[in-house]
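# A closer look at the structure
Now for the letters of each chain:
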Amino acid sequence: MALSDPQITRVVAATPATIAEAAALIRAGELVAFPTETVYGLGANALDSAALARIFAAKGRPTTDPLIVHVADAAQLDAIVTHMPPLAERLIAAFWPGALTLILTRRSHVPASVSAGLPTVAVRMPAHPVALALIRAAGLPIAAPSANRFAHTSPTTAQHVYDDLAGRLTLILDGGATNIGVESTIVDVSAAHPQVLRPGGVSLEALRQIAPDIEITRRYIKAVEANGEALPAPGMLLKHYAPRIPLHLFEGSDTAVRAMIRKTALNLIAQEQRVGLLIATDDVPALADLSVPQVQLGTLADLESVARALFAGLRDLDDQPIDVILARTFPPIGLGLAINDRLLRAAEGKVTHCE
Ligand code: TXA
Ligand code: MG
């Protein structure tokens, strides 16, 4: 169906009956959004090129940006990758089902469009009962990017999916708010040295228990550089997870960050700019005199709660009558790496270091 011909999008609670209906839609080449433990995915049959093309069209996503294939068991994994490096086996034993995506070598019968023509394919087994039941009922691996418009904030509720994609898919399975709130960690195990391509729901510390020498890729590319045939580093686009309202990011000691956010906010207010804050609850006393819209993501001591609240917080601020968002970074431990990565992308790479 062409995009000029909008579909009626239904949002239904995930039940055995609606999961069976969703599975039938997937088998028929349609798109279905479903919850995972990280964010909602926009799913289609991973083995059907026409269905894959619909994903790219619905999201407005360039076909140079490859998709993640979701599987429910070892047989589905074996059917799409050629061989399993020993490290991949160990990571799977430790973290699947879960928020870990592995880059492996793609079998030739898997459509090249799923991985933008790369010889590899990204695979994960999600740890969400609805996602697993849907994949099992479909009897197919399901390709699913996050169910948002391209370069927009990832969805953590069915409502977020509806807000972004209504009219562009048939069915949204509502399984409530997602538990982790940031996307999976992507690890490339297809080359000699394991690399984290995207920090996510499985922490670097946890990965290092299994792969002590794992490195994190610190490479971001601007969209302009990426206008080629294939992305040299897929997923490294800086303008990703971006709110519509410009976001300024501040890092440094808690005291310095609070002082700088306060000073910057007062300067902007003096210039008649409408400011919004994306902060931790711990920051509130130091910023209490600023009566501006604010989202508190939770305490610095509980980064799992911060991760869960992050994308909804960005969407909340986006809906407020403000001109600029001032945000802080979080401690670079545990989920803090993933949180800071998403904030850095939302800020299009600009971060102010505060002393
Ligand atoms: O948690 C998640 O991973 C969610 C849920 C739905 O599973 N999915 C998700 O998908 O975040 P998406 O499409 O928004 O992000 C997938 C990332 C992309 O940035 C893509 O570039 C990268 O994975 N990727 C996919 N295949 C790849 C490959 N063969 N090599 C390197 N990167 C790849
Ligand atoms: Mg995404």
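Since the model is a prediction, treat every value here as computed from it, not as a measurement.

Okay, the overall build of the chain next. For the chain, the helix and strand inventory stands at eleven helices and 16 strands. Since a compact globule built from 355 residues should have a radius of gyration of about 20 Å, the 20 Å found for the chain is in line with a globular shape. For the chain, with 355 residues in total, the buried portion stands at 56%. Partitioning the contacts of the chain with sequence separation of at least 6, the portion at a separation of at least 24 is 70%. Summed over its atoms, the accessible surface of the chain is roughly 14,300 Å², and 55% of this surface lies on carbon and sulfur atoms. Here the chain contributes 29 positively and 34 negatively charged side chains, and the mean placements of these two sets differ by 2 Å.

Moving on to the site of ligand 1. The environment of ligand 1 is formed by 25 residues, the closest being Thr-38, Asp-65, His-70, Ser-184 and Arg-198. Here an oxygen atom of ligand 1 sits 2.5 Å away from a polar atom, N or O, in the side chain of Ser-184. Expressed as a share of its isolated accessible area of 690 Å², the protein-covered part of ligand 1 is 98%. Of all elements in the fold, only strand E4 (68-70), strand E6 (120-124) and strand E10 (195-198) reach the threshold of two or more residues within the shell around ligand 1.

Further remarks concern the packing of aromatic side chains. Between two aromatic rings, the relevant description is the distance of the centres plus the angle of the planes. Tallied over the entire structure, the rule returns zero aromatic pairs. The ring of Phe-330 has Arg-328 lying over it, and the distance from NZ or CZ to the ring centre is 5.6 Å.

Spatially, eleven strands are ordered E1-E8-E2-E3-E7-E4-E6-E5-E9-E10-E11 in an open sheet, and the strand pairing comes out mixed. Since the sheet does not close on itself, it has two edges, and those belong to strand E1 (10-13) and strand E11 (215-216), each with one partner. Where strand E9 (residues 185-188) meets E10, three bridges bridge the pair, whose relative direction is antiparallel. Paired with Val-187 across the bridge in E10 is Val-196. Across the sheet, helix H1 (residues 16-27) lies against E1, strand E2 (32-34), strand E3 (41-45), strand E7 (142-143) and strand E8 (171-174), angled at about 145° from E8, the strand it touches most.

Within the element layout of this structure, Ala-327 appears in strand E15 (residues 324-328). The exposure class assigned to Ala-327 is buried, which follows from its relative accessible area of 0%. For the pair Ala-327 and Leu-343, spaced 16 residues apart in sequence, the C-alpha to C-alpha distance is 8.0 Å. Excluding anything up to four places from it in sequence, Ala-327 contacts Leu-247, His-248, Leu-249, Phe-250, Ile-261, Leu-278 and Leu-343.

Turning our attention to the sheet that holds strand E12 (residues 247-252). Taken in spatial order, the five strands of this open sheet run E14-E13-E15-E12-E16, and their pairing is parallel. This sheet does not close on itself; its edge strands, each paired only once, are strand E14 (294-296) and strand E16 (351-354). The average undirected angle you get between the axes of adjacent strands in this sheet is 20°. Bridge count for strand E13 (residues 275-279) against E15 is four bridges, and the pairing is parallel. Pairing of Gly-276 across the sheet is with Ile-325, part of E15.

Okay, the side chain of Arg-342 next. The residue Arg-342 is located in helix H11 (residues 336-346) in this model. At 2.7 Å, the side chain of Arg-342 forms a polar contact with the side chain of Glu-183. Among the polar contacts made by the side chain of Arg-342, one reaches the side chain of Asp-341 at a distance of 2.6 Å.

Across the five residues of E13, five count as buried, placing the element largely inside the fold. Side-chain alternation along E13 places Val-275, Leu-277 and Ile-279 on one buried face and Gly-276 and Leu-278 on a second face that is also buried. With three bridges connecting them, E13 and E14 associate as parallel partners. Bridging from a neighbouring strand, Ile-279 pairs with Gln-296 of E14.

Bringing the packing of H1 against helix H5 (residues 129-138) into the picture now. Their axes nearest at 8 Å, the elements H1 and H5 cross at an angle of 50°. With respect to each other, H1 and H5 are oriented oblique. At the point where H1 passes H5, the crossing takes the right-handed sense. Residues Ile-19, Ala-22, Ala-23, Ile-26 and Arg-27 of H1 form the contact with H5, whose participating residues are Val-130, Ala-133, Leu-134, Ala-137 and Ala-138. Grouping the amino acids of the contact of H1 with H5 by side-chain chemistry returns nine nonpolar, no polar and one charged.

What follows concerns the nonpolar core. Leu-102, Leu-173 and Leu-278 are the most contacted members of the largest nonpolar core, which totals 99 residues. Element by element, the count of residues in this core is highest for helix H10 (residues 303-318), at seven residues. Of the domains in this structure, domain 1 (6-226) and domain 2 (247-354) are the two that each give at least three residues to this core. Those residues within four positions of Leu-102 in sequence are excluded, and the remaining contacts are Ala-88, Leu-91, Ile-92, Trp-96, Val-121, Ala-122, Val-123, Val-187 and Val-189.

Calculation notes
Residues numbered from 1 in each chain as written. Chains lettered and ligands numbered in written order. Predicted model: local features only at pLDDT ≥ 70, side-chain atom pairs only at ≥ 80, totals over all residues. Heavy atoms only, no water. Helix = DSSP H or I, 4+ residues; strand = E, 2+ residues; numbered from the N terminus. Rg over C-alpha atoms; globule rule 2.2 N^0.38 Å. Buried < 20%, exposed > 50% of the residue type's maximum accessible area, 1.4 Å probe, protein only. Contact = heavy atoms within 4.5 Å. Areas by Shrake-Rupley, 256 points an atom, 1.4 Å probe, with all protein chains shown as cover. Lys, Arg positive; Asp, Glu negative; His and termini not counted. Charge placed at Lys NZ, Arg CZ, Asp CG, Glu CD. Near = heavy atom within 4 Å. Polar contact = N/O pair within 3.5 Å; in protein donor to acceptor, adjacent residues only side chain to side chain. Phe/Tyr/Trp six-rings, centres within 6.5 Å; stacked < 30°, edge-to-face > 60°. Lys NZ or Arg CZ within 6 Å of the ring centre and 35° of its normal. Pairing = 2+ DSSP bridges. Axes fitted to C-alpha atoms, helices over the stretch in contact; angles between N-to-C directions. Parallel < 35°, antiparallel > 145°, perpendicular 65-115°, else oblique. Left-handed = near helix turned anticlockwise from the far one by under 90°. Nonpolar A, V, L, I, M, F, W, Y, C, P; charged D, E, K, R; others polar. Core = buried A, V, L, I, M, F, W, Y, C linked by side-chain atoms within 4.5 Å. Domains from an automatic or database assignment.

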